[in-house]
Each structure stands twice: as structure tokens, then as C-alpha cells.
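These are the residues of each chain, in order.
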Amino acid sequence: MSTEPNNRIAGIVFILFGMLAISINDTLIKFLSGGYPLHQMVFTRSVIGIVFSLALVQMEGGWRILKTATPGLHFLRAMMLVVANLCFFVALASLTQAEVTAIFFAAPLMITLLSIPMLGEKVGPLRIGAVIVGFIGVIIVASPWQTGAARVTPFYVYTLPLIGACFYATTQVLTRKLGVTSKASALAIYVQANFIIVCACFYFIAGDGRFAEGLESQSLIFLLRPWVVPTGNDIWLFAGLGMASAVVGYTMAQAYRLSDAATVAPFEYVGLPLAIFWGFVVFGELPTPVMMAGIVLILGSGLFVFLRERQKGRKILRAKRVHRRY
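The rules behind each value
- Residues numbered from 1 in each chain as written.
- Predicted model: local features only at pLDDT ≥ 70, side-chain atom pairs only at ≥ 80, totals over all residues.
- Heavy atoms only, no water.
- Core = buried A, V, L, I, M, F, W, Y, C linked by side-chain atoms within 4.5 Å.
- Buried < 20%, exposed > 50% of the residue type's maximum accessible area, 1.4 Å probe, protein only.
- Helix = DSSP H or I, 4+ residues; strand = E, 2+ residues; numbered from the N terminus.
- Contact = heavy atoms within 4.5 Å.
- 1 Å grid on protein atoms, 1.4 Å probe; cavity = no way out; pocket = protein on both sides within 12 Å on 5 of 7 lines; lining within 4 Å.
- Points joined across faces, edges and corners; volume = space filled by probe spheres on them.
- Nonpolar A, V, L, I, M, F, W, Y, C, P; charged D, E, K, R; others polar.
- Patch = residues over 30% accessible without salt bridge, like charges linked within 9 Å, V, L, I, M, F, W, Y side chains within 5 Å.
- Areas by Shrake-Rupley, 256 points an atom, 1.4 Å probe, with all protein chains shown as cover.
- Salt bridge = Lys/Arg side-chain N within 4 Å of Asp/Glu carboxyl O.

**So, the nonpolar core**
- Within the largest apolar cluster, 71 residues are counted, with the highest numbers of intra-cluster contacts made by Ile29, Leu38, Met41, Phe89, Tyr168 and Ile298.
- Per element, the largest residue contribution to this core is 11 residues, and it comes from helix 3 (residues 71-92).
- When neighbours within four sequence positions are excluded, Met41 is seen to be in contact with Ile29, Leu32, Ser33, Tyr36, Phe222, Phe238 and Leu241.
- Within the second largest apolar cluster, seven residues are counted, among which are Ile65, Ala186, Ile189 and Tyr190.

This is the structure:
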């Protein structure tokens, strides 16, 4: 009996939990962005997260699962994820949570395209068309035609989540390749270790805040302001960041290990309504009508890609009875 349907269901469940954890993580970082530097928050959450991930390593097989025959690919994957996250979070200090999340959702569209040359997955013309519609939605959200007083935030800030999406898409395709031989907890450990190293370098170079002096961009100030010792309830918020980081690292890696990229990637779109929800509840932000039009196009294209993939997958299963091995 094929394990393909079970793998797909498990992948979808993991991606949904991962997106919930990501939305909570993004909300906490935006909430704290006015008083703490980005590299301090990422460093703290990674230190806490790696502790939880080490516990998961013990559950999935012990220290031996951290050994790998492809350390270079793991390092490349981890560094690309670091860049993707930094681009996303820097933009989060200047834009609404819904804006940044919507633009970043070019990533699942890119994953669907990259799964063709990198994974050999088949993506038909209908899904390609849906991807194009999704990109049109991303463009509408970014609204590059706005100038002057209509554009409160510099346009380059809008390009940051798009750049992050490019790196993230490649990261998730690499996860699919590496996940054949590596456990999800091991993949999470490699990423969190790289976050810790990169943020430690930021601290030694810019931790005193000297590069933030005289800057006006909230995004750059967020990246370069000096470290501050958390006080009061902020300590618990930092702890929450760490727990969210551990959940994200494990669930996202597990999702792309268990199911093909074209199946699980569309479910990342649940992050859009979650971003709108948290943005309204915590910050009182609501998307403009134009932004909502773009979000609808992105969500619609993602749903179509998923439904088309599921339909094609059932036909392939009936015809070939494919057995996937892990």
C-alpha cells in the first residue's frame, strides 16, 4: 500500500502548525521592534530554540542524526534562510504585517516554479498561469506606481520581503533534497546555529549602536540599534520568540521532508489571513482595498495550484502506485 496520501496529509498538518508559529513570531518581533535591535531578538530566540531542537534530536535518534555527508549544502541552506528572515524582519519595522507577509508570499509561487528544474516535479500550464496571477497580486500589494506623498515608506523597503522570498524559496527546495537523508530536528539545528553565529557577528560589529546614529529609516535603525537588556514582560516575549522559533524550524522542515513542494507550498498562504488577524488585533492595522485585491489574487492562485496538484496527484497514484522511500 502506498504511503503517499499519508505523507501528503502529514506534510499539510506540519505546514499549518508552522505557519501559525511563524505568524506569532512575526507579531512578537514587530511588537518589540521599537525598543530592541533585530539581531538581539533573533539571537535570543535562536539560543532558546536550539535548546528545544536538541531535545527533539534526542527523540528522533540522538546525536548521530546530526552527522551529514553534505555539510556544504546544509550551510548554504541555513545561510539562505538567515538572509530571507533578515530581509523579512527589517521590512516589518516599516510596513504593516499584512504588507510584508503578502509580498513575501511570492516564495510559495517561486517554490512551485523551482520544483520543476531542481526536483524534477511536473507543473502544468494551468498551474503556471495561476502562479502568474499570484505574482500580479504581489505587484498590486507592493504598488510600485505610487510616488510622492502616496508612498510613505521608501520603495526599496518593499523589495526586501521579495528578496527574502527568493532566498526562502530556494531554501525550501533544498530542504526537500536534504530531507531525504536528514531528520527535521537536525535541519532545524543547522539553521539555528547559523542564526546564532550571524547575530553574534552583528553584535561584535554593530552591537553598540554606532552605525544607527543619524539614521532616519526605521528599518535600518531596527537592524543596527544597540542591544538592550529586556525587562518586565519583555522577558516572556523573548521566551515566546524562542519557543516559536523551535516550532517553526521543526514543523517547516518536517513538512517539506514528508510531501512534495508543490503540495505543501500553497498551504503557506494561510499566513496571509493570520497576518491580517494579528495585525488588526495587536496593532489596529487593516489592509487597504487595493491591498486586499492583491491578497485575494495571491490566495486564489495558491488555492488553484493546490487543487490542481491534488487532482494530478490522484491520477498519478492510480496509474503508477508510486511508493516513496525516506
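**Digging into empty space enclosed by the protein**
- Summed over the entire model, instances satisfying the criterion amount to one cavity of 30 Å³ or more.
- One number sums up the size of the largest cavity: a volume of about 500 Å³.
- Contributing to the lining of the largest cavity are 31 residues, with Ile22, Leu81, Asn85, Tyr168 and Val248 lying nearest its centre.
- Within the residue set of the lining of the largest cavity, elements represented by two or more residues are helix 1 (4-32), helix 3, helix 4 (97-104), helix 7 (155-178), helix 8 (184-206), helix 10 (234-258) and helix 12 (271-283).
- A per-element tally of the lining of the largest cavity places helix 3 first, with six residues.
- Partitioning the lining of the largest cavity into residue classes produces 17 nonpolar, 10 polar and four charged.

**Considerations on a nonpolar patch on the surface**
- Taken together, Phe31, Phe277, Phe280, Val281, Val282 and Leu286 make up a surface patch of nonpolar side chains, about 600 Å² in accessible area.
- No other element matches helix 12, which puts four residues into the nonpolar patch.
- Examined against the element boundaries, Phe280 turns out to sit in helix 12.

**As for the pattern of salt bridges**
- Scanning the entire structure with this criterion turns up two salt bridges.
- Salt-bridge contacts for Lys30 lead to Glu285; the nearest nitrogen and oxygen are separated by 3.8 Å. You can see Lys30 sitting in helix 1 and its partner Glu285 sitting in the loop between helix 12 and helix 13 (289-320), a full 255 residues away along the chain. As far as the burial class goes, Lys30 and Glu285 line up, both buried.
- One salt bridge connects Asp208 with Arg210, and the closest N-O pair in it is separated by 2.8 Å.
- Taking relative accessible area as the criterion, Asp208 reaches 48% and is therefore assigned partly exposed.
- The class of Arg210 is partly exposed, set by a relative accessible area of 41%.

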